[in-house]
Amino acid sequence: MLGGRFKKKGKGEVPAVSTASLPDIIFMLLFFFMVTTVMKQNDPLVKVAAPKADQVQKLENKSLVSYIYIGVPNKGQFGKLPRIQLNDAFADPD
């Protein structure tokens, strides 16, 4: 009859977690957020109270869009009277 003895290898330590795939996951998340993020092109320099939209239509060519904001300037250096902002610059009514 054979002796059924098993040797214990000491403490049963848990091996370290492999971080080999961590750079792949980071770059995949970075790529996802770069593709899905929309950059804001114009910052309003005036206080704007935007109306609620009841109909939405997709634009075919966004390069033809001009942004027009009318209101009191956010910063005091532009005065306190209402101004017209076309894209990123103030304009005169003339």
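This report concerns the structure included in the present document. If you're wondering where the values come from, they're calculated on a predicted model, not measured in any experiment. Residue numbers here run from 1 along each chain, matching the order of that chain's written sequence. Predicted model: local features are reported for residues with pLDDT of at least 70 only, side-chain atom pairs are reported and counted for 80 or more only, and whole-chain, interface and lining totals are derived from all residues. Where side-chain values are given, they derive from all heavy atoms of the structure, hydrogens and water being excluded.

### Let's talk about the packing of aromatic side chains
Selection rule: Classification of ring pairs uses Phe, Tyr and Trp, with its six-membered ring standing for Trp, and accepts pairs whose centres are within 6.5 Å; under 30 degrees between planes counts as stacked, over 60 as edge-to-face, and the remaining range as tilted. Buried residues are those whose accessible area, probed at 1.4 Å on protein chains only, stays under 20% of the maximum for their type, while exposed residues exceed 50% and partly exposed ones sit between those limits. Over a ring means this: the NZ of a Lys or the CZ of an Arg is within 6 Å of the ring centre and within 35 degrees of the ring normal.
The final tally for this structure, using the stated rule, is 1 aromatic pair. On the basis of an interplanar angle of 70 degrees and a centroid distance of 5.3 Å, the ring pair of F32 and F33 is categorised as edge-to-face. Given the relative accessible area of 49%, F33 is considered partly exposed. Sitting over the face of the ring of F90, R83 holds its NZ or CZ atom 4.3 Å from the ring centroid.

### Side note on the sheet that holds strand β1 (residues 68-71)
Selection rule: For two strands to pair, DSSP has to find at least two bridges joining them. Segments assigned H or I by DSSP are reported as helices when at least four residues long, segments assigned E as strands when at least two residues long, and all are numbered from the N terminus. Fitting a line to C-alpha atoms yields each axis, with helices limited to the stretch in contact; the angle taken between N-to-C directions then spans 0 to 180 degrees.
Pairing within the open sheet is antiparallel, and its 3 strands lie in the order β1-β2-β3. The open sheet terminates on both sides in strands that have one partner only, identified here as β1 and β3 (89-91). Between one strand axis and the next, the sheet turns by 35 degrees as a mean value, whatever way the strands run. Here strand β2 (residues 83-86) runs beside β3; their pairing, made up of 3 bridges, is antiparallel. When the sheet's bridge partners are listed, L86 is paired in β3 with A89.

### With respect to the pairing of β2
A regular strand places its side chains so that they alternate between the two faces of the sheet. Judged from the 4 bridges that link them, β1 and β2 form a sheet pairing that is antiparallel. Bridge pairing in β2 links I70 to I84. Counting the residues in the hairpin turn of β2 and β3 gives 2 residues, including N87, whose phi is positive at 55 degrees.

Just geometry here; none of it tells us what the structure is for.
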